[in-house]
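One-letter residues, chain by chain:
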Amino acid sequence: MENSTTLAPKKWGFRGNSDLKADPETTIRGVLTMLMSNISISDDRPVIPMSVSQPSAFPCFYTTQIATDAIVESVQATEFRSYPPTEGVLPARRAVAEYLSQGLPNKLSPDDVFMTIGCQQACHAVMHVLGGSNLNLLLPRPCFPYYDVAARTANLEVRFFDLLPEKNWEVDLDSVIAVADENTVGMVIINPGNPGGNVFTYDHLKKVAETARKLGILIISDEVYGHMVFGENPFVPMGAFGSITPIITLGSISKRWMVPGWRAGWLATHDPDGILKEHGIITSLIEYFNVAPLPPAFIQGALPYILTKTEDDFFSRILKLIKEAANVFNEGIKDLPGVTCPTRPEGATCVMVKLDISSFEDIKDDVDFCVKLAKEESVMILPGVSVGLPNWLRITFAIDPSYLQDGMKRMKSFCERHSKRA
Ligand SMILES: *Cc1c(COP(=O)(O)O)cnc(C)c1O
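Not measured: the values here are computed from a predicted model.

Conventions and cut-offs
Residues numbered from 1 in each chain as written. Predicted model: local features only at pLDDT ≥ 70, side-chain atom pairs only at ≥ 80, totals over all residues. Heavy atoms only, no water. Near = heavy atom within 4 Å. Polar contact = N/O pair within 3.5 Å; in protein donor to acceptor, adjacent residues only side chain to side chain. Areas by Shrake-Rupley, 256 points an atom, 1.4 Å probe, with all protein chains shown as cover. Phe/Tyr/Trp six-rings, centres within 6.5 Å; stacked < 30°, edge-to-face > 60°. Helix = DSSP H or I, 4+ residues; strand = E, 2+ residues; numbered from the N terminus. Buried < 20%, exposed > 50% of the residue type's maximum accessible area, 1.4 Å probe, protein only. Lys NZ or Arg CZ within 6 Å of the ring centre and 35° of its normal. UniProt positions renumbered as here; feature names shortened; annotations may be inferred. Expected span 1.5 Å × (residues − 1). Arc of directions from axis to C-beta. Contact = heavy atoms within 4.5 Å. Domains from an automatic or database assignment. Buried area = accessible area lost by both parts, 1.4 Å probe. Salt bridge = Lys/Arg side-chain N within 4 Å of Asp/Glu carboxyl O. Nonpolar A, V, L, I, M, F, W, Y, C, P; charged D, E, K, R; others polar. 1 Å grid on protein atoms, 1.4 Å probe; cavity = no way out; pocket = protein on both sides within 12 Å on 5 of 7 lines; lining within 4 Å. Points joined across faces, edges and corners; volume = space filled by probe spheres on them. Pairing = 2+ DSSP bridges. Axes fitted to C-alpha atoms, helices over the stretch in contact; angles between N-to-C directions.

1. Focus: the site of the ligand
Argument step 1. Neighbouring the ligand are 13 residues, the closest being D222, S252, S254, K255 and R263.
Argument step 2. Separating a nitrogen atom of the ligand from a side-chain N or O atom of D222 is a distance of 2.6 Å.
Argument step 3. Separating an oxygen atom of the ligand from a side-chain N or O atom of S254 is a distance of 2.6 Å.
Argument step 4. When isolated, the ligand has an accessible area of 380 Å², and the protein chains bury 92% of it.

This is the structure:
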């Protein structure tokens, strides 16, 4: 008793890091927890998950057996039981270099590739090697929310440039120039787009690269949805413009192979003129991975087989399903009062829709819309504020089309019930 009082410190020397800012509205997992807590237990209909891009939960989106076989074989192999090397298992780096080099003028070598724990760690890594006091990074608005948190925790000031909904979410290049200054290190683009569901054209990407060069900044290109396109524009990797300005490409097998739980990703540097090397970025990346957690060796060991042997049939079947879901969405969103969709999705798995708050009787904003929708209809949707656009919604359409149909119907009756005209 006496001891415990004498030992008690006057003040603990630790506290939670408020920079992580994991409040419910600005992280996806945070907002999901908040919405889930609003689902009514008396509703016996299934919950419709249109808030998170997780098609792998539905049998129609199961991955290919080629991928699961590769993992089993890799687990059984004796060579992947040790710690993996810092930059990654060499055959995996080679396979990723070849996968990403398809159609590029400057081919990647295994030395340009680092293996990561999903695309998320690739993002974390790049922020941490670029960070430093007084430096800033340009992010698109709207943006996948993890970038904001990762940049701030890496000591980078975040500045936003706009994506233009009326131009199919193209980068507003003037707004990039307006927010950049001599302390800007780089800009992030996400193509195919999350949250916009758009696909940038070759010409637009070239203009983005030329703008970056003018500003003396590098481009971080999130291509986690690479090749997942089903509209007019083909997928063009940003690496095609590496001779204009240095490009760091981030990716993973999470989305295209429908295995986000496997946490297999990469970071690749397109640097034909050696600018990143000259400025210490490659050395910093090696130093980062010397101390960072690494992706499991057997997951890396399976990658060469997964990347080279997956049947085209698998990809086309998945894309056909996603396109079918996008059509269900396009039809369903048409006659929703108070909701407009300026663009049709043509890639990735989600899309932004705009709310006309004034047309609703009793809905305050996008968060209120999502909370009430969860409560009354057991439909989960991400409020736009989570991706930087208040009074918009981010809707994931890549779910089993029959669930999507149901979800769109429930959204319709929700909007009609809360609409002023009702
Ligand atoms: C899902 C996603 C990530 C994270 O990818 P993982 O491989 O699951 O870590 C990164 N960026 C965007 C745009 C995403 O949609």
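2. Points about the packing of aromatic side chains
Argument step 1. Scanning all chains against the criterion turns up 14 aromatic pairs.
Argument step 2. Ring geometry for W169 versus W392: centroids 5.4 Å apart, planes at 65 degrees, classification edge-to-face. Here W392 lies in strand β14 (residues 392-396) and W169 lies in the loop between β4 (157-164) and β5 (170-171), a separation of 223 residues in the sequence.
Argument step 3. For W169, a relative accessible area of 1% puts it in the buried group.
Argument step 4. Three or more aromatic residues joined by ring pairs make a cluster, and in this case those are Y99, W257, W266, F314 and F315.
Argument step 5. Positioned above the aromatic ring of F114 is the side chain of R93, whose terminal nitrogen or guanidinium carbon lies 5.8 Å from the ring centre.
Argument step 6. Between R256 and the ring centre of W257, over which it is positioned, the NZ or CZ distance is 5.6 Å.

3. Comments concerning the UniProt feature "modified residue: N6-(pyridoxal phosphate)lysine" (unreviewed entry) in the protein
Argument step 1. Feature annotation in UniProt assigns "modified residue: N6-(pyridoxal phosphate)lysine" (unreviewed entry) to the following positions: K255.
Argument step 2. Topologically, K255 is positioned in the loop between β8 (247-252) and β9 (264-270).
Argument step 3. At 3.4 Å, the side chain of K255 forms a polar contact with the side chain of Y225.

4. Thoughts on helix α8 (residues 202-215)
A turn of α-helix holds 3.6 residues, and therefore any two residues three or four places apart point the same way.
Argument step 1. Here α8 contains 14 residues, and its C-alpha end-to-end distance of 20 Å stays within 8% of the 20 Å for a straight helix at 1.5 Å per residue.
Argument step 2. Among the residues making up α8, those that are buried are H204, L205, V208, A209, T211 and A212. The buried residues of α8 all sit within an arc of 160 degrees when viewed along its axis, so they share a single face. Away from the buried face of α8 by more than 90 degrees, exposed residues D203, R213 and K214 are located.
Argument step 3. Contacts made by the buried residues of α8 are with β5, α7 (173-179), β6 (184-190) and β7 (218-222).
Argument step 4. Phi turns positive, to about 70 degrees, at G216, one or two residues after α8.

5. What to know about the UniProt feature "domain: Aminotransferase class I/classII large" (unreviewed entry) in the protein
Argument step 1. Cross-referencing UniProt, the feature "domain: Aminotransferase class I/classII large" (unreviewed entry) maps to residues 49-408 in the present numbering.
Argument step 2. Secondary structure within residues 49-408 divides into 38% helix and 18% strand; the distance between the first and last C-alpha atoms comes to 12 Å.

6. Looking at the domain arrangement of the protein
Argument step 1. Taken as a whole, the protein is organised into domain 1 (28-61 + 312-418) and domain 2 (65-309).
Argument step 2. On a C-alpha basis, the centroid separation for the pair domain 1 and domain 2 is 27 Å.
Argument step 3. Facing the 32 residues of domain 1 at the interface are 28 residues of domain 2.
Argument step 4. Interface area, domain 1 with domain 2, both sides summed: about 2500 Å², of which 66% is carbon and sulfur.
Argument step 5. It is F315, E346 and A348 in domain 1 that bury the most area against domain 2; as a group they hold 26% of the surface buried on that side.
Argument step 6. Here domain 1 is connected to domain 2 by zero salt bridges.
Argument step 7. Here domain 1 and domain 2 share 13 residue pairs in polar contact (both at pLDDT 80 or more) between them.
Argument step 8. Contributing elements (two or more residues each) for the side of domain 1 that touches domain 2: α2 (28-36), α12 (312-334), β11 (350-355) and β14.
Argument step 9. A per-element tally of the side of domain 1 that touches domain 2 places α12 first, with seven residues.
Argument step 10. Class assignment of the residues belonging to the side of domain 1 that touches domain 2 gives a composition of 19 nonpolar, eight polar and five charged.

7. Some thoughts on the layout of surface pockets
Gaps left between atoms show up when a probe the size of a water molecule is rolled over them.
Argument step 1. Looking at the largest pocket, its volume works out to about 810 Å³.
Argument step 2. Looking at the largest pocket, it is lined by 31 residues, and the ones nearest its centre are I28, R29, Q120, F144 and Y146.
Argument step 3. If you list the elements that add at least two residues to the lining of the largest pocket, you get α2, α5 (118-130) and α6 (146-153).
Argument step 4. When residues of the lining of the largest pocket are assigned to their parent elements, the largest contribution, four residues, is made by α5.
Argument step 5. Here the lining of the largest pocket is built from residues that sort into 16 nonpolar, 10 polar and five charged.
Argument step 6. One number sums up the size of the second largest pocket: a volume of about 260 Å³.
Argument step 7. In terms of lining residues, the second largest pocket is bounded by 14 residues, among which V185, G216, L218, I275 and H279 are the most central.

8. Re the environment of G216
Argument step 1. Structurally, the position occupied by G216 is in the loop between α8 and β7.
Argument step 2. Judged by its relative accessible area of 60%, G216 falls in the exposed class.
Argument step 3. Along the chain, G216 and P337 lie 121 residues apart, while their C-alpha atoms are 46 Å from each other.

9. Quick look at the sheet that holds strand β2 (residues 113-117)
Argument step 1. The strand order across the open sheet built from eight strands is β2-β9-β8-β7-β6-β3-β4-β5, with neighbouring strands paired in mixed fashion. The sheet terminates laterally at β2 and β5, the two strands that pair on one side only.
Argument step 2. Strands β2, β3 (136-141), β6, β7, β8 and β9 of the sheet are contacted by α5, whose axis makes an angle of about 155 degrees with β8.

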